[in-house]
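Coordinate analysis (summary)
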Amino acid sequence: MSLRRINPAELSPPTGFSHAVRATGRTLVMLAGQTALDASGEVVGDDLPAQFRRALGNLLTALRAAGGTPADLARVTVYATDVGDYRAHAAELGRIWRESAGRDYPAMAVIGAVRLWDEQALVEIDGIAVLP
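Predicted, not measured: the structure shown is a model, and the values here were computed from it. (Residues numbered from 1 in each chain as written. Predicted model: local features only at pLDDT ≥ 70, side-chain atom pairs only at ≥ 80, totals over all residues. Heavy atoms only, no water.)

This next bit is on the overall build of the protein. When helices and strands are counted, the protein shows 3 helices and 6 strands. Starting at the N terminus and ending at the C terminus, the protein contains elements arranged as β-β-β-α-β-α-α-β-β. Its C-alpha atoms give the protein a radius of gyration of 14 Å, near enough to 14 Å, the size a compact globule of 132 residues would have. By its C-alpha atoms, the protein is 35 × 35 × 25 Å across when sized along the principal axes. A buried classification covers 35% of the 132 residues belonging to the protein. Within the protein, contacts between residues separated by at least 24 positions form 74% of all contacts whose residues are at least 6 apart in sequence. For the protein, the exposed surface amounts to about 7,300 Å²; the carbon and sulfur share of it is 51%. (Helix = DSSP H or I, 4+ residues; strand = E, 2+ residues; numbered from the N terminus. Rg over C-alpha atoms; globule rule 2.2 N^0.38 Å. Buried < 20%, exposed > 50% of the residue type's maximum accessible area, 1.4 Å probe, protein only. Contact = heavy atoms within 4.5 Å. Areas by Shrake-Rupley, 256 points an atom, 1.4 Å probe, with all protein chains shown as cover.)

Right, here's the structure in full:
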């Protein structure tokens with residue numbers, strides 16, 4: 001299995017994502033959207049960084065349970081209820097990502113959402129991983 005991150009010089013330099021990821025492998029893992037739910041089903045975290053940390057942790061827990069690692073992530077989509085708040089915390093969210101998932105960035109998108117399934121949720125993260 002291999003994931004080749006592609007960042008053409010003709011595009012703006014990526015920060016915290018890859019422009020494209022070429023994946024070859026044997027198993028695709030589709031990761032459901034994860035919010036900052038704890039094991040009892042309650043949203044935890046009073047601000048975006050705290051909820052982002054928990055949502056990413058939940059995504060990585062599901063990925064590990066499926067036999068993958070953060071380096072296997074080929075695509076991630078982040079849904080944020082306030083994109084301005086997301087941009088304002090971008091440096092901190094980047095640190096949280098690197099601490100939790102490393103520097104092998106998947107192809108990513110951040111999409112503004114009016115609200116998420118759980119009304120208290122500020123962020124949701126889903127993804128696709130490719131395993132050997």
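As a further point, take the packing of helix α1 (residues 48-65) against helix α3 (residues 90-101). Look at α1 against α3: their axes get within 10 Å of each other, and the N-to-C directions meet at 25°. Of the possible angle classes, the one that applies to α1 and α3 is roughly parallel. Between α1 and α3 lies a crossing whose hand is right-handed. Residues Leu-48, Pro-49, Phe-52, Arg-53, Leu-56, Leu-60 and Arg-64 of α1 pack against Glu-92, Leu-93, Ile-96, Trp-97, Glu-99, Ser-100 and Ala-101 of α3. The residue makeup of the contact of α1 with α3, split by class, is 9 nonpolar, 1 polar and 4 charged. (Axes fitted to C-alpha atoms, helices over the stretch in contact; angles between N-to-C directions. Parallel < 35°, antiparallel > 145°, perpendicular 65-115°, else oblique. Left-handed = near helix turned anticlockwise from the far one by under 90°. Nonpolar A, V, L, I, M, F, W, Y, C, P; charged D, E, K, R; others polar.)

A sheet is described by the order of its strands in space; here 4 strands give the open sequence β3-β6-β4-β5, paired in mixed fashion. Each edge of the sheet is formed by a strand with only one pairing partner; in this case those strands are β3 (27-34) and β5 (107-112). On average, each strand axis in the sheet is tilted by 10° relative to the strand beside it, whichever way the strands run. The pairing of β3 with strand β6 (residues 123-131) spans 6 bridges and is antiparallel. Pairing of Gln-34 across the sheet is with Ile-125, part of β6. Strands in contact with α1 are β3, β4 (73-80) and β6; relative to β6, the strand with the most contacts, it is inclined by about 30°. (Pairing = 2+ DSSP bridges.)

One pass over the structure, following the stated rule, counts 1 aromatic pair. Ring centres of Phe-52 and Tyr-86 lie 6.3 Å apart, and the angle between their planes is 70°; this geometry places the pair in the edge-to-face category. Residue Phe-52 is located in helix α1, and its partner Tyr-86 is located in helix α2 (residues 83-88); the two are separated by 34 residues in the primary sequence. (Phe/Tyr/Trp six-rings, centres within 6.5 Å; stacked < 30°, edge-to-face > 60°.)

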